[in-house]
Amino acid sequence: MSSDWIRWLLDIDVIPKNAEGLRVAWEHPWPGWVWTWLLLAAAALAGWSYARLAGRRGARVVLAAARFLIIALVLVLISGPMLELPRETVERDWVLMLVDRSASMTIADVDAGQRRITREQQLRSLLDEHAAVWKDLAESRQVVWLGFHDGAFNLPAAPIMSPEAEPISPVQLDEPTGQRTRLGSALEQAMQRAAARAVSGVVVFTDGRTTDAPDRSVLRRFRTHAVPIFTVPLGSDEPLGDLAIRHVEAPRRAFVRDQVPVVVELDQLGSATQGVAALIKLIDDSTGEELDRIELPAGDDRDEVTLTAKPTLAGEATWRVVIETVKPDLIPDNNVATFVIELIDRPLRVLYVEGYPRWEYRYLKELLIREKSIESSVMLISADRDFAQEGNQPITRLPRSPEEFAQFDLIVIGDVPGSFFSPDQLEMMRDHVAQRGAGLLWIGGPRYTPSTYSGTVLADLLPMRGSLALPPIGVPVNMVPTPLADRLGVLRLSSEPQQSWPRDLVDPAFGWSKLHYAQRIEPGRLKPTAEVLTTTARLFQGTPLPLVMHLRYGAGQSIYIATDEIWRWRYGRGELYPERFWVQLIRMLGRESLTTSDSPVRLEVTPRRLTTEQAMRIDLELLDARLVDESRVTVTVQLETEDGQPVAEIELRRVDDDRQRYAASHLPGVTGRLRVRVNDATLPGLDVRVPVEIYAPDDELRRPETDHRLLASLAAETGGRVLLPEQISELPGLLPNRAVTSINPLNEGIWDSPLAFGLILLVLAGEWIGRKLLRLA
């Protein structure tokens, strides 16, 4: 149909030139029997109209045929003849590709021969290796690539390459950072994007971990529309757990030959860790010496253990905590943590003031004198003037100035009347603890301690509130430690590695292990900040009574012992138990003076590890009197990332009109490893910061196991199939063909064309001329 005169003759404007496959169609098509009757009627009419006319028979037949042609041509034009160019429109079916972009993709649990690779590396490898499959699919179907974690989103396409280039992955993938996976929501959103489209299948690349498994309504929608789900499981089908070191807490400084506690906070991620035994070691990096070890048996779900070391060399040392597991651990890199500790080789300096020569005094005094790592000054106030005060550094009077008190790392107050100390001395002792980090050890007694300290400034360093007139319990009791004692690395009296407290100290059958005198302190009378280190083994009105209590005050610590009968343990095991009891407590209290005496403020955050749904408590105490400002009502601290990027500014307000203490609670809205730093214009030059870790309650990385069983169930319930990596090439043949073919021919009528008009005129003219010749017109 390329000739212009033919297109003019047929009045063709729409149908393109050189179109092939043209055919004649009818705008008003009539059935064959109608055409038969109409043509017969036309022939009869034409024959009848010339049957009775005069003239030659042959001429009349010709004229009747002409009239028949006229009538037939009119009938043809009435039926609407047109030219039709056949056309078909094929609407491709859609294939939805869902790619997991949550943080769990960073877990390295895929066995790649000599090493393990991450699920993300496995995914990228599958996309690259089967690039030809994706290219073939894209040529015959509409392939839509979507990423998902909290929801579904579009993935950017890879750059277009030349046809000759090797096929590559069809999409560009950023690093997986989603904090949670919601597979059910992602599937539902993907189907919404393909609404009113013919979907032949959904292919899901994921490890199966999700916080919302597809519910029945989602699966019913897939079955109703006959859309199969094909799952490509990523990660290891065999669950691997991760036993990790979350945080190591150790003193920055300690004494040589001190029992140094190293608190190791553990993360046991995944159920597989419950069946894995582990060994936790503390190692000196410089010498390779193993300082301590703790066995963590299979099924032990402790999230914290305490290692202890007794260093013998002074100087700066690097210690290393190592976790060794029997089975392969998911992330070996988080099984090692190193830290630096400064070891001081000088005696611990102790001032011991006692009221009268009770049995506990006699034993403790001798212990302080013979312990080579302790330098003691002992004052017995009931002694005569001529009595030579004891200790390896004897004194004739109590310190009278802050500088004289500064010589001591620890002050021990026995059963001494509070009036023996002047108000200035009491205040100097309190400041010595609060500002210089010294320790204060109380040994309760039946006469003066703690009753005579009511109303004095030292009452702030006692762990109980209310009346200080403490009655005796009245019956012999045995002592047992609390978990806090183990965390602080104290009261480890047993020689057995796996047992910190001897059994014979708890067994009432051993008379020598009973404490015949102990003060009764009801648990409800303890201050909110007081912590219990030991209690009675026996319950009183359903609860044990505290015997050894711990209290932090400013930069230092205070411990109150509600009995003076530890000496009785000598009858059972000699010096072993009493010596370990006293030396460990004394060393813990004295160690604090090394650790915090150089800090002008104390910043505490509790808890240091929390979820985004928990509030953190921030406490700041000004230890340096020069920093105290009467007009300061608030102090600003900043929550920031590890590289110093600000996250939030938090305003701490003064606590109970105390000019030195400020506090606030804050609900974090972000996750990650952060830190709290003092950032107040009125406190310039301070570089005090506390690390915190904030994680989402449904944090991906806290559940490292895959859930391939869910993926298999998802495929089975929708008529799909699980595709292993080596089976991905079969995907094109498994997808049903849901393409829709639409017939949409291009028509152009010719009943009103010049050709039709000309044919009518030609036949009419022929009949008219014939009639003229026969003289019939």
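Residues numbered from 1 in each chain as written. Predicted model: local features only at pLDDT ≥ 70, side-chain atom pairs only at ≥ 80, totals over all residues. Heavy atoms only, no water.

Trainee: So what's going on with the overall build of the protein chain? Residues and values would help.
Mentor: Each helix and strand in the protein chain was counted, giving 16 helices and 37 strands. Scaling as 2.2 N^0.38, a compact globule of 777 residues should have a C-alpha radius of gyration of about 28 Å, whereas the protein chain reaches 47 Å, well beyond that. By its C-alpha atoms, the protein chain is 180 × 60 × 55 Å across when sized along the principal axes. The buried share of the protein chain, taken over its 777 residues, is 50%. Approximately 37300 Å² of the protein chain is accessible, and the part contributed by carbon and sulfur atoms is 52%. Positive and negative side-chain charges in the protein chain, numbering 87 and 106 respectively, have mean positions lying 6 Å apart. (Helix = DSSP H or I, 4+ residues; strand = E, 2+ residues; numbered from the N terminus. Rg over C-alpha atoms; globule rule 2.2 N^0.38 Å. Buried < 20%, exposed > 50% of the residue type's maximum accessible area, 1.4 Å probe, protein only. Areas by Shrake-Rupley, 256 points an atom, 1.4 Å probe, with all protein chains shown as cover. Lys, Arg positive; Asp, Glu negative; His and termini not counted. Charge placed at Lys NZ, Arg CZ, Asp CG, Glu CD.)

Trainee: I'd like to hear about the sheet that holds strand S33 (residues 672-678), residue by residue, with values.
Mentor: A sheet is described by the order of its strands in space; here eight strands give the open sequence S27-S29-S32-S31-S30-S33-S34-S28, paired in mixed fashion. Both outer strands of the open sheet, strand S27 (601-606) and strand S28 (609-611), are each paired with one neighbouring strand and no more. Within the sheet, the average angular offset between the axes of one strand and its neighbour, ignoring direction, is 25°. Relative to strand S32 (residues 658-666), strand S31 (residues 646-655) is paired through three bridges, and the arrangement is antiparallel. Counted as the bridge partner of Arg654 is Tyr662 from S32. (Pairing = 2+ DSSP bridges. Axes fitted to C-alpha atoms, helices over the stretch in contact; angles between N-to-C directions.)

Trainee: How would you explain the packing of aromatic side chains if you had to name every residue and give the values?
Mentor: Both the distance between ring centres and the angle between the ring planes are used here to describe each pair of aromatic rings. Tallied over the entire structure, the rule returns 16 aromatic pairs. With centroids separated by 6.1 Å and ring planes inclined at 80°, the aromatic side chains of Trp319 and Phe339 adopt a geometry described as edge-to-face. Residue Trp319 is found in strand S17 (residues 315-325), and its partner Phe339 is found in strand S18 (residues 336-344); the two are separated by 20 residues along the sequence. We classify Phe339 as buried; its relative accessible area is 14%. Grouping aromatic residues by their ring pairs yields a cluster made of Trp501, Trp569, Phe581 and Trp582. Just above the ring of Trp359 sits the side chain of Arg362; from NZ or CZ to the centre is 4.7 Å. Looking at Arg447, its charged tip hangs above the ring of Tyr356, at a distance of 3.8 Å from the centre. (Phe/Tyr/Trp six-rings, centres within 6.5 Å; stacked < 30°, edge-to-face > 60°. Lys NZ or Arg CZ within 6 Å of the ring centre and 35° of its normal.)

Trainee: Please provide a residue-by-residue account of a nonpolar patch on the surface, values included.
Mentor: A cluster of nonpolar side chains, Trp33, Trp37 and Leu40, forms an exposed patch at the surface whose accessible area comes to about 440 Å². By secondary structure assignment, the location of Trp37 is in helix H2 (residues 32-51). For Trp37, a relative accessible area of 60% translates into the label exposed. (Patch = residues over 30% accessible without salt bridge, like charges linked within 9 Å, V, L, I, M, F, W, Y side chains within 5 Å. Salt bridge = Lys/Arg side-chain N within 4 Å of Asp/Glu carboxyl O.)

Trainee: How would you summarise the packing of H2 against helix H3 (residues 57-78) if you had to cite specific residues and measurements?
Mentor: With their axes 8 Å apart at the nearest point, H2 and H3 run at an angle of 145° to one another. H3 is crossed by H2, and the crossing has right-handed handedness. Seen from H2, the contacting residues are Trp35, Leu38, Leu39, Ala42, Ala43, Leu45, Ala46, Gly47, Ser49, Tyr50 and Ala51; seen from H3, they are Arg60, Leu63, Ala64, Arg67, Phe68, Ile71, Ala72, Leu75 and Val76. Its residues assigned to classes, the contact of H2 with H3 comprises 16 nonpolar, two polar and two charged. (Left-handed = near helix turned anticlockwise from the far one by under 90°. Contact = heavy atoms within 4.5 Å. Nonpolar A, V, L, I, M, F, W, Y, C, P; charged D, E, K, R; others polar.)

Trainee: Please give an account of the pairing of strand S16 (residues 304-309) that cites residues and values.
Mentor: With five of six residues buried, S16 lies mostly within the body of the structure. Where strand S13 (residues 260-269) meets S16, six bridges bridge the pair, whose relative direction is antiparallel. Residue Glu265 lies in a different strand from S16, and its bridge partner there is Glu304.

Trainee: So what's going on with the layout of surface pockets? Residues and values would help.
Mentor: The computed volume of the second largest pocket comes to approximately 690 Å³. Among the elements of the structure, strand S15 (290-296), S16 and helix H13 (576-596) are those that each provide at least two residues to the lining of the second largest pocket. Looking at the lining of the second largest pocket residue by residue, the classes come out as three nonpolar, 10 polar and 12 charged. (1 Å grid on protein atoms, 1.4 Å probe; cavity = no way out; pocket = protein on both sides within 12 Å on 5 of 7 lines; lining within 4 Å. Points joined across faces, edges and corners; volume = space filled by probe spheres on them.)

Trainee: Let's hear about unusual backbone geometry: which residues, and what values?
Mentor: Here Thr449 and Pro450 are connected by a cis peptide whose omega angle stands at 10°. Looking at the element boundaries, Pro450 is found in the loop between strand S22 (439-443) and strand S23 (479-481). Residue Pro607 is reached from Thr606 by a cis peptide bond, and omega for that bond is -10°. For Pro607, the position within the fold is in the loop between S27 and S28. Even without being glycine, Ala226 reaches a positive phi, approximately 55°. Residue class for Ala226 comes out partly exposed when judged on its relative accessible area of 39%.

Trainee: Got a sec to walk through the packing of H3 against helix H16 (residues 754-773)? Specific residues and values, please.
Mentor: Closest axis-to-axis distance for the H3/H16 pair is 9 Å, and the angle between their directions is 160°. One element, H3, and the other, H16, form an angle in the roughly antiparallel class. The chirality of how H3 crosses H16 is left-handed. Only Ala756, Leu759, Ile760, Val763, Leu764, Glu767, Gly770 and Arg771 of H16 make contact with H3, whose side of the interface consists of Leu63, Ala66, Arg67, Leu69, Ile70, Leu73, Val74 and Leu77. Its residues assigned to classes, the contact of H3 with H16 comprises 12 nonpolar, one polar and three charged. (Parallel < 35°, antiparallel > 145°, perpendicular 65-115°, else oblique.)

Trainee: I'd love a proper account of the sheet that holds strand S7 (residues 142-148), names of residues and values included.
Mentor: In spatial order, the strands read S8-S7-S4-S9-S10-S35; together these six strands make up an open sheet with mixed pairing. Lying at the two open borders of the sheet, with one neighbouring strand each, are strand S8 (152-154) and strand S35 (721-722). As defined by bridge partners, strand S10 (residues 229-233) adjoins S35 across two bridges and the pair is classed as parallel. Bridge pairing links Phe230 to Arg721 in S35. With respect to the sheet, helix H6 (residues 183-193) is in contact with strand S4 (94-100), S7, S8, strand S9 (199-206) and S10, its orientation differing from that of S4 by roughly 150°. Each of S9, S10 and S35 touches helix H14 (residues 708-717); the most contacted strand, S10, lies at about 160° to it.

Trainee: Tell me about the side chain of Arg209, residues and numbers included.
Mentor: Within the fold, Arg209 resides in the loop between S9 and helix H7 (216-224). Lacking a salt bridge, the buried Arg209 has Glu705 as its closest oppositely charged neighbour, with an N-O distance of 4.3 Å. A polar atom in the side chain of Arg209 sits 3.4 Å from the backbone oxygen of Glu705. Each residue touching Arg209, except ones within four places of it in the same chain, is listed here: Thr181, Arg703, Glu705, Thr706 and Asp707. (Polar contact = N/O pair within 3.5 Å; in protein donor to acceptor, adjacent residues only side chain to side chain.)

Trainee: Give me the lowdown on helix H8 (residues 359-370), citing residues and values where you can.
Mentor: Since there are 3.6 residues in each turn of an α-helix, residues three or four apart along the chain are aligned in direction. Taking 1.5 Å as the rise per residue, H8 with 12 residues should run 16 Å; its terminal C-alpha atoms sit 17 Å apart, in good agreement. Within H8, burial applies to Glu360, Tyr361, Tyr363, Leu364, Lys365, Leu367 and Leu368. (Expected span 1.5 Å × (residues − 1).)

Trainee: Which residues make up the pattern of salt bridges, and what values do they have?
Mentor: Under the definition given, this model contains 43 salt bridges. One salt bridge connects Lys281 with Glu290, and the closest N-O pair in it is separated by 3.8 Å. Using a relative accessible area of 33% as the deciding quantity, one classes Glu290 as partly exposed. The shortest N-O distance in the salt bridge between Glu640 and Arg675 comes to 2.6 Å.

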